[in-house]
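# Residue-level structure breakdown
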Amino acid sequence: MENKEVQRKLFREIPAVNDLMQEKAIQQLIAQNGEHEIKKVIHQVLDEIRQQILSGKLTAVNLSNVIEMINTQSHLDNLPSLRPVINGTGVILHTNLGRSLLSPAIEEYLNQIMFSYSNLEYNLAAKKRGLRYHHIEKLLCELTGAEDALVVNNNAAAVMLTLDTLVPHKEVIVSRGELVEIGGSFRVPEIITKGGGTLREVGTTNKTHLQDYQAALTDQTGAILKVHTSNYRIIGFTEKPDPAELQELAHQAGIPMINDLGSGLLIDLSKYGLPREPLIQEAVATSDIVTFSGDKLLGGPQAGVIAGKRELIEQIKQNQLLRALRVDKMTLAALAATLQFYRDPAEALKKIPTLQMITIDSERLKQRAEDLASSLSAINGIQVATVSGTSQVGGGSYPGYFLPTTLVCISPRSGYYSSTELERLLRTGEFPIITRLEQDKVIIDVRTLQNGDIQQITARLRELFDK
Ligand SMILES: *Cc1c(COP(=O)(O)O)cnc(C)c1O
C-alpha cells in the first residue's frame, strides 16, 4: 500500500470523541475530573496520534491504547506543576533544577519548624519580641569571623540592600573587569543604579590597578565595590589589587569596602583538585561587608547573607527595604541547620549534598555508573555503555572547570524510539528524568543521581521498552 493510503486508513481508525466519551474507563475519568477537562485531554491525545501518523511513527490505532494514552495524560495533568525530577545531567548547582539539595540530615528539624509554632520572633528568656535574624547571627559570625550578619531572600537582595543603605546618591567604584552579569537579571551596573547610586567604572577589562581606584576617589564616592567574577574567568595578561589593599584605600577615604562574593564557600576545595576560590572567611577579613549566597556552593536554601562590620550591619537592619526582602522561617531554619554542619568541616563535606557531589571520588562514580549500566542491561531495546566524561559544578561557579566522571550512554536499538524521542519521553513522564543528549545518545552523568534514582531510571526504561 502507498504511504498516503496507509495514513488515510489509520486516520479513519481514530475513534470519535463522542464514542470515546461513552467508554467505561473514560466515564470514570469524567466522574473524577469533569467532562470539560477530559474532553480537553481527549483532543490533546487525538492530536498527538494524528501527529504520530503523519510522521510515520504509528502503524496501528487501537482503542485500548488510545484509552490508555488518555488515562496517562489525565494523570499527568493532575500532578502538581512543581515536582521532583531526577538530575542525570551531572550539573550539581543546576539553576533550572533548583540549585542545591538540602541535607536529608536536617529533614526532621525542618519538619518541626514548618509544622509547629516556633520562637521565630520571640525572645523566650526576656518574654518580649525578638528578631528572626538572631537565630542565625551567632553561627554566621563564628563561621565567617564577621562581627554581625543578616540574612535576606537571595544574594541579589543582599547586594541591593547593602548598596541602598550605604551608598544612596553616591558613587560606587567598580573595576571594569568585574561588571558581572549573573543569570540574566542580576547585572552589577543596574543593581548599583537601582540602589540609587552612580557607577564609577575604573581600570580596563583585564587590568585594574590600585592607582585606578585611588584616582577615582572624590567626596562623592560612597564605597568601593569588589565583585567576585564567579561565573567567568579573565586569564592571561591580568591584574587586580588585593582585597586588603582595596580595604585600606577605602578606609583612608573614610568609606566602606563592599565585597560581593556571590558563591558562599567556607571550605577550601582545592585539595579535591578544584581551582582555588576565595573563601568567605578570607573575604570577611579583608572587607567591611561581604555578601554571598546561601545555596550556591554553601549548599543550603536560597538565601543571601550580609556579613561584616557591626556598625554597618546595624544600619542595614534599619533599612525599611529589609521588610520586603526578609526570609521566611523555612529558609532560616534550613540555613541555620546547614551552617551547623560547617562547625566541623569533615561533617559538612559528608552531610551537605552539594559538597558531597563536588568532592565525590571518581572510583565511586565509576562504580555507580557500572551499577546503573548493569541494572539497565536486561532491557531489550537499548544498548548501554559506560565512558569517562566530565561534569560541571554549575550555577555559574567554577567556570571553565570540569570534574572527571563516568557517563552511562543509552542508545535505543533501531525499530524503537530515536534518541531524541527517548530523551523527551524520559523528561516528560510522571517522574521526569533529565538527561544529556549528545552525539545521538542519551547520556546520564551519575554524579548527580540520588538514592533510589537507579531503580527509578530502570523502571521507566523498562516501561518504555518492554511494552
Ligand atoms: C550568584 C551571584 C549573585 C546572585 O546571587 P543569587 O543568590 O542568585 O541572587 C550575585 N553576585 C555574584 C558575584 C554571584 O556569583
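Residues numbered from 1 in each chain as written. Predicted model: local features only at pLDDT ≥ 70, side-chain atom pairs only at ≥ 80, totals over all residues. Heavy atoms only, no water.

For the chain, the name recorded in an unreviewed UniProt entry is L-seryl-tRNA(Sec) selenium transferase, with Limosilactobacillus panis as its organism. On record in UniProt, under Sequence similarities (unreviewed entry), the comment for the chain is "Belongs to the SelA family." The UniProt entry for the chain carries this comment under Cofactor (unreviewed entry): "pyridoxal 5'-phosphate". (UniProt positions renumbered as here; feature names shortened; annotations may be inferred.)

## So, the packing of helix α1 (residues 3-13) against helix α4 (residues 35-54)
At a minimum axis distance of 10 Å, the contact between α1 and α4 shows a crossing angle of 165 degrees. When the axis of α1 is compared with that of α4, the two are roughly antiparallel. Both α1 and α4 take part in a crossing whose hand is right-handed. Here Gln-7, Leu-10 and Phe-11 of α1 come into contact with α4, specifically with Arg-50, Ile-53 and Leu-54. In terms of residue class, the contact of α1 with α4 is built from four nonpolar, one polar and one charged. (Axes fitted to C-alpha atoms, helices over the stretch in contact; angles between N-to-C directions. Helix = DSSP H or I, 4+ residues; strand = E, 2+ residues; numbered from the N terminus. Parallel < 35°, antiparallel > 145°, perpendicular 65-115°, else oblique. Left-handed = near helix turned anticlockwise from the far one by under 90°. Contact = heavy atoms within 4.5 Å. Nonpolar A, V, L, I, M, F, W, Y, C, P; charged D, E, K, R; others polar.)

## Examining the UniProt feature "domain: L-seryl-tRNA selenium transferase N-terminal" (unreviewed entry) in the chain
Per the UniProt record, "domain: L-seryl-tRNA selenium transferase N-terminal" (unreviewed entry) is annotated on residues 11-50. Strand forms 0% of residues 11-50 and helix 88%; the C-alpha atoms that close the span are 7 Å apart.

## Some remarks on the UniProt feature "modified residue: N6-(pyridoxal phosphate)lysine" (unreviewed entry) in the chain
UniProt's feature table lists "modified residue: N6-(pyridoxal phosphate)lysine" (unreviewed entry) at Lys-296, given in the numbering used throughout. Overall, Lys-296 belongs to the buried group, its relative accessible area being 6%. Those residues within four positions of Lys-296 in sequence are excluded, and the remaining contacts are Leu-93, Arg-99, Ile-182, Ser-230, Gly-262, Ser-263, Gly-264 and Gly-395. (Buried < 20%, exposed > 50% of the residue type's maximum accessible area, 1.4 Å probe, protein only.)

## Some thoughts on the domain arrangement of the chain
Taken domain by domain, the chain consists of domain 1 (2-77), domain 2 (86-96 + 357-466) and domain 3 (104-347). The interface of domain 2 with domain 3 comprises 12 residues on the first partner and 14 residues on the second. Overall, the association of domain 2 and domain 3 removes approximately 1100 Å² of surface from exposure, summing both partners, and the carbon and sulfur fraction of that is 71%. For domain 2, the biggest contributors to the area lost against domain 3 are Thr-359, Tyr-398 and Pro-399; these three give 50% of the whole. Put simply, domain 2 and domain 3 have zero salt bridges between them. Between domain 2 and domain 3 we count two residue pairs in polar contact (both at pLDDT 80 or more) in total. Tallied by class, residues from the side of domain 2 that touches domain 3 come to seven nonpolar, five polar and no charged. (Domains from an automatic or database assignment. Buried area = accessible area lost by both parts, 1.4 Å probe. Salt bridge = Lys/Arg side-chain N within 4 Å of Asp/Glu carboxyl O. Polar contact = N/O pair within 3.5 Å; in protein donor to acceptor, adjacent residues only side chain to side chain.)

## Concerning a negative patch on the surface
A grouping of Asp-361, Glu-363, Glu-370 and Asp-371 is seen on the molecular surface, where their side chains present a negatively charged patch. Note on placement: Glu-363 falls in helix α18 (residues 362-376). (Patch = residues over 30% accessible without salt bridge, like charges linked within 9 Å, V, L, I, M, F, W, Y side chains within 5 Å. Areas by Shrake-Rupley, 256 points an atom, 1.4 Å probe, with all protein chains shown as cover. Lys, Arg positive; Asp, Glu negative; His and termini not counted. Charge placed at Lys NZ, Arg CZ, Asp CG, Glu CD.)

## Description of the pairing of strand β14 (residues 403-412)
On a regular strand, each side chain points to the face opposite its neighbour's, so the side chains alternate between the two faces of the sheet. Of all 10 residues making up β14, nine are buried, and the element is well covered by its neighbours. As paired strands, strand β13 (residues 382-391) and β14 are joined by 10 bridges and run antiparallel to one another. From the neighbouring strand, Ala-385 faces β14, where its bridge partner is Cys-409. Pairing of β14 with strand β17 (residues 441-445) involves four bridges; the strand directions are antiparallel. Across the sheet, residue Ile-410 finds its bridge partner in β17, namely Val-442. (Pairing = 2+ DSSP bridges.)

## A short note on the pattern of salt bridges
Taken as a whole, this structure holds 24 salt bridges when the rule is applied. Taking the shortest distance from any N to any O, the salt bridge between Glu-178 and Lys-226 comes out at 3.1 Å. A residue pair is termed long-range when its members are at least 10 positions apart, and Glu-178 in the loop between β5 (171-175) and β6 (181-182) and Lys-226 in strand β9 (residues 221-227) qualify at 48 residues. Lys-226 carries the same exposure label as Glu-178, and that label is buried.

## Side note on the sheet that holds strand β10 (residues 257-262)
For sheets, the rule is that strands pair by backbone hydrogen bonds, running either parallel or antiparallel. A sheet is described by the order of its strands in space; here seven strands give the open sequence β4-β12-β11-β10-β9-β5-β8, paired in mixed fashion. Two strands close off the open sheet at either side, each with one partner strand: β4 (148-152) and β8 (198-202). Each adjacent strand pair in this sheet contributes to an overall mean axis angle of 25 degrees, direction not counted. Across five bridges, the pairing between strand β11 (residues 289-293) and strand β12 (residues 304-308) is antiparallel. Within β12, the position partnered with Phe-292 by the bridge is Val-305. The sheet contacts of helix α13 (residues 310-318) involve β4, β11 and β12, and relative to β4 the element is tilted by about 30 degrees.

## Let's talk about the site of the ligand
Around the ligand sit Arg-99, Asn-154, Asn-155, Ala-156, Ile-182, Phe-186, His-228, Ser-230, Asp-260, Gly-262, Ser-293 and Lys-296, and that is every residue in its neighbourhood. At 2.8 Å, a side-chain N or O of Lys-296 approaches an oxygen atom of the ligand. Coverage of the ligand by the protein chains reaches 94% of its 380 Å² of free accessible surface. Those elements giving two or more residues to the shell around the ligand turn out to be α8 (155-166) and β10. A per-class count over the shell around the ligand returns three nonpolar, six polar and three charged. (Near = heavy atom within 4 Å.)

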